[in-house]
Amino acid sequence: MTDQTEEKAAPALSEAAFPLAARRLEILRKRPDYLAAARADRAAAGSFMLQARRRDDGNDAVRVGFTCSKKVGNAVARNRAKRRLREIARLVLAPRGRSGWDYVLIGWKDVTADRPFDLLCADLEKALQRVHSGRAGKSPDRAPRRRGRGA
């Protein structure tokens, strides 16, 4: 005797059916990648900062990094802000990010963690439009920071 309340398996969604939505984001792990993005285009998004640069390394992956300084708050507050940034990147950057680009999302104090989620997504879409249309600002060239004590 079989149970009549058997669950039917949902059909698997193929990557061919949704090529952009199924695209995975690679995470930036190395400091030089973050520094290169800091020298590239940037767009303030209202609730965070977006830095974006085109890589010319032959890799078509969309890479993304997340950061929050200690100004955002304690570890709990920083992690909450970064979780929200990771989720909007998954929802917005995966389908709309350009192949061969690096993106860095920088959380802001009191705004990133508290802004309504739909507005966070809209902020990222607007920032992407500004970066890719050439209306974003360039990062100023700065002298390298000296570490340690001065002479």
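Residues numbered from 1 in each chain as written. Predicted model: local features only at pLDDT ≥ 70, side-chain atom pairs only at ≥ 80, totals over all residues. Heavy atoms only, no water.

A. Structural view of the layout of surface pockets. The computed volume of the second largest pocket comes to approximately 200 Å³. What lines the second largest pocket is simply Met49, Thr67, Cys68, Ser69, Lys71, Val72, Ile106, Gly107, Trp108 and Lys109. (1 Å grid on protein atoms, 1.4 Å probe; cavity = no way out; pocket = protein on both sides within 12 Å on 5 of 7 lines; lining within 4 Å. Points joined across faces, edges and corners; volume = space filled by probe spheres on them.)

B. Expanded view of helix H2 (residues 75-96). If you check H2, its first and last C-alpha atoms are 30 Å apart, about what 22 residues at 1.5 Å a residue would give, namely 32 Å. Every buried residue of H2 is listed here: Arg78, Ala81, Arg84, Leu85, Ile88, Ala89, Val92, Leu93 and Ala94. Elements in contact with the buried residues of H2: strand S3 (48-54), strand S4 (63-67), strand S5 (101-107) and helix H3 (117-133). (Helix = DSSP H or I, 4+ residues; strand = E, 2+ residues; numbered from the N terminus. Expected span 1.5 Å × (residues − 1). Buried < 20%, exposed > 50% of the residue type's maximum accessible area, 1.4 Å probe, protein only. Contact = heavy atoms within 4.5 Å.)

C. Highlighting the packing of H2 against H3. Close contact between H2 and H3 brings their axes to 10 Å; oriented N to C, the two are set at 45°. With respect to their mutual orientation, H2 and H3 come out oblique. Read as a crossing pair, H2 and H3 show a hand that is right-handed. Every residue of H3 that contacts H2 at Arg84, Glu87, Ile88, Ala89, Leu91, Val92, Leu93 and Arg96 is listed here: Phe117, Leu120, Cys121, Leu124, Glu125 and Leu128. A breakdown of the residues in the contact of H2 with H3 according to their chemical character gives 10 nonpolar, no polar and four charged. (Axes fitted to C-alpha atoms, helices over the stretch in contact; angles between N-to-C directions. Parallel < 35°, antiparallel > 145°, perpendicular 65-115°, else oblique. Left-handed = near helix turned anticlockwise from the far one by under 90°. Nonpolar A, V, L, I, M, F, W, Y, C, P; charged D, E, K, R; others polar.)

Purely spatial values, then, with no claim about function.
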